[in-house]
Number of protein chains: 2
Amino acid sequence: MALDRLKSVAQHVTGTGPPPHPFDPLSNAEIDAAVQILGKEHGQLHYNAVTLREPAKTEMLKWLADSVNIPRPSRVADIVAIAPGGKVYDGLVDLKNGKVIKWDVLEGVQPLITMEDLQTVEHVMRKDPKVIEQCVISGIPAEDMHKVYCDPWTIGYDHRFGNSVRLQQALMYYRPHMDDSQYSFPLDFCPIFDADKAEIIHIDIPDIRRPVNQAKPNNYHVASIENEGGYRTDIKPINITQPEGVSFKVEGRVIDWQNWKVHVGFNYKEGIVLNNITYNDKGTVRPIFYRLSLVEMVVPYGNPEHPHQRKHAFDLGEYGGGYMTNSLSLGCDCKGAIHYMDAAFVNRAGESTTIKNAVCIHEEDAGILFKHTDFRDESCLVTRGRKLIISHIFTAANYEYCVYWIFHQDGTVQLEIKLTGILNTYAMLPGEDTKGWGTEVYPGVNAHNHQHLFCLRIDPNIDGSNNTVFQVDASQGAGEVGSKENPYGNAFFAKRTKYNTVSEAISDYDGVTSRTWDMCNENKINPYSHKPSSYKLVSREVPRLLPKEGSLVWKRAGFARHAVHVTPYDDEQLYPAGRHVPQTSGEPSKGIPEWIANGDAPIDNRDIVLWHTFGITHFPAPEDFPIMPAEPMTLLLRPRNFFTKNPALDVPPSYCSTPSQIASKSKVTDAADKMSKLVVTGGGAECCQK
Amino acid sequence: MALDRLKSVAQHVTGTGPPPHPFDPLSNAEIDAAVQILGKEHGQLHYNAVTLREPAKTEMLKWLADSVNIPRPSRVADIVAIAPGGKVYDGLVDLKNGKVIKWDVLEGVQPLITMEDLQTVEHVMRKDPKVIEQCVISGIPAEDMHKVYCDPWTIGYDHRFGNSVRLQQALMYYRPHMDDSQYSFPLDFCPIFDADKAEIIHIDIPDIRRPVNQAKPNNYHVASIENEGGYRTDIKPINITQPEGVSFKVEGRVIDWQNWKVHVGFNYKEGIVLNNITYNDKGTVRPIFYRLSLVEMVVPYGNPEHPHQRKHAFDLGEYGGGYMTNSLSLGCDCKGAIHYMDAAFVNRAGESTTIKNAVCIHEEDAGILFKHTDFRDESCLVTRGRKLIISHIFTAANYEYCVYWIFHQDGTVQLEIKLTGILNTYAMLPGEDTKGWGTEVYPGVNAHNHQHLFCLRIDPNIDGSNNTVFQVDASQGAGEVGSKENPYGNAFFAKRTKYNTVSEAISDYDGVTSRTWDMCNENKINPYSHKPSSYKLVSREVPRLLPKEGSLVWKRAGFARHAVHVTPYDDEQLYPAGRHVPQTSGEPSKGIPEWIANGDAPIDNRDIVLWHTFGITHFPAPEDFPIMPAEPMTLLLRPRNFFTKNPALDVPPSYCSTPSQIASKSKVTDAADKMSKLVVTGGGAECCQK
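Rules behind the numbers
Residues numbered from 1 in each chain as written. Chains lettered and ligands numbered in written order. Predicted model: local features only at pLDDT ≥ 70, side-chain atom pairs only at ≥ 80, totals over all residues. Heavy atoms only, no water. UniProt positions renumbered as here; feature names shortened; annotations may be inferred. Buried < 20%, exposed > 50% of the residue type's maximum accessible area, 1.4 Å probe, protein only. Contact = heavy atoms within 4.5 Å. Helix = DSSP H or I, 4+ residues; strand = E, 2+ residues; numbered from the N terminus. Pairing = 2+ DSSP bridges. Buried area = accessible area lost by both parts, 1.4 Å probe. Salt bridge = Lys/Arg side-chain N within 4 Å of Asp/Glu carboxyl O. Polar contact = N/O pair within 3.5 Å; in protein donor to acceptor, adjacent residues only side chain to side chain. Nonpolar A, V, L, I, M, F, W, Y, C, P; charged D, E, K, R; others polar. Least-squares fit on C-alpha atoms with pLDDT ≥ 70 in both. Phe/Tyr/Trp six-rings, centres within 6.5 Å; stacked < 30°, edge-to-face > 60°. Lys NZ or Arg CZ within 6 Å of the ring centre and 35° of its normal. pLDDT = per-residue confidence, 0-100. Axes fitted to C-alpha atoms, helices over the stretch in contact; angles between N-to-C directions. Arc of directions from axis to C-beta.

Chemist: I tried to follow the UniProt feature "modified residue: 2',4',5'-topaquinone" (unreviewed entry) in chain A on my own but got confused; where do I start?
Modeler: Residues and elements named next belong to chain A. As annotated in UniProt, the feature "modified residue: 2',4',5'-topaquinone" (unreviewed entry) corresponds to Tyr399 in the numbering used here. Judged by its relative accessible area of 2%, tyrosine 399 is buried. Filtering out sequence-adjacent residues up to four positions away, tyrosine 399 remains in contact with Tyr301, Phe394, Thr420, Gly421, Ile422, Leu423, His450, His452, His618 and Met628.

Right, here's the structure in full:
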């Protein structure tokens, strides 16, 4: 590490330079400093993670309330490292004082698998004689081992091996040519890799053997499409430009846009972390969320045959949504005027690394924000909306997850996730029965049923920390048709159920009542509606966890058993399947099941966290192959009784006429976008004209 | 009617000019001709509707299959008219032969309320002495009757008045100034208007009186916003341009875009009607839907007190989504390159009228269509998508419905609806208890709970007319954890239930199983998956009808009792609450309840129609007032086992590199959008730079 970098860290810490925001991820210099400080005491280590230890919330809230007089929370590095021999350590390094303040050895725990860990397996596997033997049995000559690939996954949990040894399972594939998509050529056996020994220690071989697929390659790269008739040529460009720049301001990592302010953090596990989300309500800065992020996900596969039960990746906890994040590209991943943020990580050797353009921040037109026409005189107002999108994309072996945090002018926060990439596939024999556990998406290719279940951690701060959650169910009024209280039978209302305790809050989605959940501040009553200030969670893609109670997935992914859990706030409770997820047995279950053990713990009118599991169940079809069109899913956090009126009324309209203007034929407001054109049609050639 | 217009109709009919497509709405000339033909036989009438009688499906399918040799289906006008005295007639006029081919008088039936019908009420109401008396009681001086307004609604059904007299109920409002939003000043009484007599025949007066609101106006027009601090000034323009024109071709009303072809019809009731939707699958034109449209909706309100039970508008069947459609404006309602279509209607006097720019057709960038990165070498493909949007917006008194039919390159058809406009409101006293039936959204303003339930009519044509519907439920596999068939408890599958009969198909949404519905052609099996070619209905906003069984709404809106009904195809079955909806009693229920009376009727492997009810339940909040930020809802029709692979693989990528290109450092495909820019930040002023 260069001396001047250390100096710059020292400057940050001592205050002679512009200090980082306490929520800022560790910089490269801070990562390097943390490693140097730790290295002095504990020698050479394999680094798994060096990331920001976020400040304690009580301390941070004080500083946010008065950053002039309250001391700035100090910078602490949270470190996970593996010592030679395989011992795993959790450590904390105080960067200001240059001290290791925690250094705990962990037993029976495996930290997540890094990209470097993943990269190793393929090289080892290709040289392993037993793997080569299996490839030959599958129909691949031994001299073609360079055409054999694997997607290494954590082993999940396999009772035969436990969790004292760091393991990966190698999902095997073949590529006739190095540019061919391997997912059309899955192999039927599964080597187990020992990360400490760097060797294959076992191979799971099915009873029924399925030789390598003889179908022709099924590709999506340019040469393959050109060979199959070429690209369509009838898509005309759509240009999106912002000649006057963007409508947001960036100060460090704080984005200021349309009354919203949000700090954009990023870490190796969750990817984007949004902190201290506030809304400037006519001069009053009102807190809404202290922290929002995706904290975990699990992807259980539904084929009951061994060893497919091991396929239930926790893509965040076992691999890291930050570590797997893509370096984004201008004009590819997003269009318009783009602000990128880089991400700093540590590598195995302890050096800081950078993923350029890890986070994309940009605006998009959002269509009609509101409109009304008076049918009497056609006086009309139409206002177009804008949205701010903070996004990253991560690649989990075969799959891609595109995560979009969207801020709207009406006070809504939307989370949209697009699933794309490639199906995980397994070999099948010609004519083999999939038994309903998968779909033959291409000859010889079985794509198994699976779920993508995400866990959204919402740390609400609705007009302050003391919040309460209500379940809201659209319900029929009491009384049958003809009764005094409901003579016409049309009565219905929003049935509100207050969650007083942790047990009461364990809840599922109810499609019959279009169930939503309100996060309220009962101390802040809306002056018009006399209802508490709140944000409503509106989420409709909420499948239940399909693996059964008592199953391995059910035990390991305790968070996914229900759509909503609410817990009292605790600085230590971030990851709902546990801090170190690989090779957890689920006995006992880590994370949320531990935190809700005291079911009587009160959760009303205090600092709480709402954990929401949502997602989709995916039954593959040939349309999803060889690369999957993006499948979107979305949820909303909507202000209800938070504002006294539509907060976007002061967004300038495109057009506004009033009855008096219509009657007197006087000038109306016309600010319609002048770049829009009429299409002129004729003779098959369409062009545009004003 | 001018002679040359009649000539042009004659030319169309006799084939000397370019004939209209059989699905084309009647032109102005055709409407005028129909009226002239009918007038000759039946004299002066009040016209309610003159619209296309769509060709019989069997005839039309033959013509679509061979439009060269099969005779073109003739043009027939479907006419609803009211004779002096109030008699209602349904008629058909053959435009080719100039003959009235049907003229039926109807008993106990009221056709929908036109905009002209609506406009009359306010003028009559203002002069009515009893209404003036009630206004005075409400605190409005008699000389201020020009400040009193009403939104006339059909009466729905009121047993006191039955359906032999044509009635409207006048929801009353006051405007302190003509530009003030009346919805902040609802009045508490409700006059009943007799359309035949053009007079007020009754006033419903509540037991508890609520004088006119004394709160200050709550407006959204330009002057009001400027008085309250003005507009925000920090939104920079986003320009969307298509310098080379659009990617679609227009031939008459057939749109040809990205392998899709669709005929865009329009009528007074449904608004947009999409016919003969096909996809060119590598040279084979495959039919998907014969007809898609919104055919009905009902908006029940949840306040049980008289006379609010009458508030349950059927906005399509009682007013017409076409009649209420907005004339759209370039750069306001949509941005980019826009193709508009006009709509031709008849007025009460029998003259043809035109709504300019009733339908908007344009493209939008659709973000990432698919992406995958190989974690080994970062070889990557990223392809951006495009969508085609066919939209219209209609104003139903206070509310606005924005209807977007969206075609995607991956074969998906999406229906998105945005709800905006203004809440229906009722008067309340200071401190009055809403009893949970509504929300005080502004002092003295009670916005009642309500539902918006839409009925989507899907006439599937999946690789031909013989289709079958399956219910699909994500289900756990048999066997408990540890059993032989499900040792790890992770088994799950798509449980498919075939609907053999009309009764079996009566079904609700099930959130627990993430229920979807497949429309299949069991005669066309996907060569890879061995499953039938199908389109899947994916719809998650599916509240149940909250008015109880046996209630007035339940009786009148039979279609809304369940999320899905399937019926054998019948040319006469278009409108699921009946052809003439106002003042139906629901005894017996019209439409779907009649059509499913024979529950044993087979619906497998034949020409069928799927009716889908979806929507939202709206519990108002102050954020929705005085004008509501658009609330979106969406559903998808997705190809499953229809294609043999992702049909959008030939969409040119923004970027593509392969492992061999990465390894050899050779040229990759880089077609990233060159208009996108980096944001340069600093000093609070953000601009853009390449």
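Chemist: Explain the pairing of strand E25 (residues 468–476) of chain B here, please?
Modeler: A regular strand carries its side chains on alternate faces of the sheet. All names here are of chain B. Counting buried positions over the 9 residues of E25 gives 8, a clear majority of the element. By the bridge criterion, 7 bridges tie E25 to strand E26 (residues 492–498) in an arrangement that is antiparallel. Counted as the bridge partner of serine 475 is phenylalanine 493 from E26.

Chemist: Just checking my understanding: could you explain the interface of chain B and chain A for this structure?
Modeler: Many authors give the size of an interface as the accessible area that is lost as the parts come together. Each partner contributes residues to the interface: chain B has 196 residues there, and chain A has 196 residues. For the pair chain B and chain A, the summed buried surface comes to about 16,300 Å²; carbon and sulfur atoms form 56% of the total. On inspection of chain B and its partner chain A, the count reaches 20 salt bridges. Applying the counting rule to chain B against chain A returns 113 residue pairs in polar contact (both at pLDDT 80 or more). No other element matches the 11 residues that strand E17 (residues 352–373) of chain B contributes to the side of chain B that touches chain A. In terms of residue class, the side of chain B that touches chain A is built from 92 nonpolar, 62 polar and 42 charged. Looking at chain direction, strand E9 (residues 239–241) of chain A and strand E9 (residues 239–241) of chain B are connected through 3 bridges and run antiparallel. Bridge pairing in E9(B) places Thr241(A) opposite Asn239(B).

Chemist: Sorry, what's going on with the pattern of salt bridges here?
Modeler: A side chain with one charge may pair with a side chain of the opposite charge, provided their charged atoms come close. One pass over the structure, following the stated rule, counts 91 salt bridges over all chains. Two residues, Asp158(A) and Arg160(A), come together in a salt bridge whose shortest N-O distance is 2.8 Å. In this structure, the salt-bridge partner of Glu631(A) is Arg638(B), at a minimum N-O distance of 3.3 Å. Of this pair, Glu631(A) sits in strand E31 (residues 628–640) while Arg638(B) sits in strand E31 (residues 628–640), on two different chains. Glu631(A) sits in the buried class, given a relative accessible area of 13%. Classification of Arg638(B) as buried rests on a relative accessible area of 13%. Among the ionic contacts, a cluster of salt bridges with common partners joins Glu122(A), Arg126(A), Asp151(A), Arg175(A), Asp374(B) and Arg376(B).

Chemist: So what exactly am I meant to see when it comes to the relation of the copies chain B and chain A here?
Modeler: A rotation about an axis combined with a shift along that same axis relates the two copies of the chain. The two copies are related by a screw motion: chain B maps onto chain A through a turn of 180 degrees and a shift of 0.0 Å along the axis, at an RMSD of 0.0 Å. Such a combination of turn and shift is consistent with a two-fold rotation axis. Of all interface residues in chain B, 100% are interface residues in chain A too; the two copies therefore contact each other through one and the same surface.

Chemist: Honestly, the packing of aromatic side chains in this entry has me stumped. Any pointers?
Modeler: The description of an aromatic ring pair uses the distance of the two centres, along with the angle that the planes make with each other. Evaluated as defined, the whole model comprises 44 aromatic pairs over all chains. Relative to Tyr401(A), the ring of Phe394(A) lies with its centre 5.1 Å away and its plane at 35 degrees, an arrangement referred to as tilted. The pair formed by Phe394(A) and Tyr401(A) is uniform in burial state, with each residue classed as buried. Arranged with centres 5.7 Å apart and planes meeting at 75 degrees, the rings of Phe23(B) and Tyr290(B) form a pair that is edge-to-face. You can see Phe23(B) sitting in the loop between helix H1 (3–14) and helix H2 (28–42) and its partner Tyr290(B) sitting in strand E14 (residues 284–300), a full 267 residues away along the chain. Tyr290(B) carries the same exposure label as Phe23(B), and that label is buried. The structure contains a cluster of three or more aromatic residues connected by ring pairs, namely Trp260(A), Tyr279(A), Phe289(A), Phe407(A), Tyr535(A), Phe642(A) and Phe643(A). Here the basic side chain of Arg126(A) rests over the ring of Tyr149(A), its NZ or CZ set 4.7 Å away from the ring centre. A cation over a ring is seen here: Lys311(B) above Tyr301(B), with NZ or CZ 4.8 Å from the ring centre.

Chemist: Whenever I open this one, the confidence of the model for chain A confuses me. Can you help?
Modeler: It should be kept in mind that the predicted coordinates are not to be read in detail where pLDDT is low. Here chain A averages 95 in pLDDT, and 96% of its residues register 70 or above. Taken as a whole, residues 1–15 of chain A scores under 50 in pLDDT and shows 22 contacts with residues more than four places along the chain or in a different chain.

Chemist: Would you mind showing me how to read the environment of Gln242(B) here?
Modeler: Of note, Gln242(B) is situated in the loop between E9 and strand E10 (249–251). When its relative accessible area of 5% is taken as the criterion, Gln242(B) is described as buried.

Chemist: What exactly am I supposed to notice about the sheet that holds strand E21 (residues 425–427) of chain A here?
Modeler: Remark on secondary structure: sheet strands pair via backbone hydrogen bonds, oriented parallel or antiparallel. Residue and element names in this part refer to chain A. Reading across the sheet, the 3 strands line up as E21-E23-E22 and stay open at both edges, with antiparallel pairing between neighbours. The open sheet terminates on both sides in strands that have one partner only, identified here as E21 and strand E22 (438–442). When strand polarity is set aside, the average angle formed by the axes of neighbouring strands in this sheet is 45 degrees. With 3 bridges joining them, E21 and strand E23 (residues 445–448) adopt antiparallel strand pairing. The residue bridging alanine 427 from the neighbouring strand is valine 445, located in E23.

Chemist: Explain helix H5 (residues 129–138) of chain B to me, please; I cannot follow it from the model alone.
Modeler: In an α-helix, one turn spans 3.6 residues, which is why side chains three or four residues apart end up on the same side. All names here are of chain B. Burial in H5 covers these residues: Val131, Gln134, Cys135 and Ser138. For H5, the buried positions fall inside an angular range of 105 degrees around the axis, keeping them on one side. Structural note: H5 exposes Pro129 and Lys130 on the side pointing more than 90 degrees away from its buried face. In this structure, the buried side of H5 is in contact with helix H4 (115–127), strand E5 (148–154), strand E6 (167–174), strand E7 (190–194) and strand E8 (199–204). The backbone nitrogen of lysine 130 has a side-chain oxygen 3.0 Å away, supplied by the residue at the start of H5, namely aspartate 128. Within two residues after H5, glycine 139 carries a phi angle of roughly 105 degrees, on the positive side.

Chemist: What exactly am I supposed to notice about the sheet that holds strand E1 (residues 46–53) of chain B here?
Modeler: Residues and elements named next belong to chain B. The strand order across the open sheet built from 4 strands is E1-E2-E3-E4, with neighbouring strands paired in antiparallel fashion. The sheet is open, and its two edges are formed by E1 and strand E4 (99–106), each paired on a single side. If you compare each strand with its neighbour and ignore which way they point, the axes differ by 20 degrees on average. Where strand E3 (residues 88–94) meets E4, 7 bridges bridge the pair, whose relative direction is antiparallel. Bridging across to E4, aspartate 90 finds its partner in aspartate 104. Sitting on the sheet, H2 touches E1, strand E2 (76–82), E3 and E4, and the angle it makes with E4 is about 70 degrees.

Chemist: Quick question: what am I supposed to make of the side chain of Arg638(B) here?
Modeler: Looking at Arg638(B), its side chain comes within polar contact range of the side chain of Glu631(A), at 3.3 Å. Look past the residues within four positions of Arg638(B) in its chain and what remains in contact with it is Asp624(A), Glu631(A), Thr412(B), Ser534(B), Tyr535(B), Lys536(B) and Val538(B).

Chemist: Explain the environment of Val566(B) here, please?
Modeler: Residues and elements named next belong to chain B. Inspection of the secondary structure puts valine 566 in strand E29 (residues 564–568). Judged by its relative accessible area of 0%, valine 566 is buried. The spatial distance from the C-alpha of valine 566 to the C-alpha of proline 639 is 19 Å, given a sequence separation of 73 residues.

Chemist: Is there a simple way to think about the UniProt feature "active site" (unreviewed entry) in chain A in this case?
Modeler: Residues and elements named next belong to chain A. With numbering aligned to this structure, UniProt lists the feature "active site" (unreviewed entry) at Asp315 and Tyr399. For the annotated residues, spread through 85 residues, the largest C-alpha to C-alpha distance comes to 9.9 Å, consistent with a single compact locus. By secondary structure assignment, the location of aspartate 315 is in helix H7 (residues 315–319). The exposure class assigned to aspartate 315 is buried, which follows from its relative accessible area of 6%. In contact with aspartate 315, not counting residues within four places along its chain, are Glu296, Met297, Val299, Gly320, Gly321, Met324, Phe394, Ala396 and Tyr401. The residue tyrosine 399 is located in strand E19 (residues 399–408) in this model. Within the local environment of tyrosine 399, its side chain forms a polar contact with the side chain of histidine 450, the two groups lying 2.6 Å apart.

Chemist: So what exactly am I meant to see when it comes to the pairing of E23(A) here?
Modeler: Residue and element names in this part refer to chain A. Neither face of E23 is open: one carries Val445 and Ala447, the other Asn446 and His448, and all of them are buried. Note that E22 and E23 share 4 bridges and pair antiparallel. Paired with tyrosine 442 across the strands is valine 445, a residue of E23. Between the antiparallel neighbours E22 and E23 lie 2 residues, among them glycine 444 with a positive phi of about 80 degrees.

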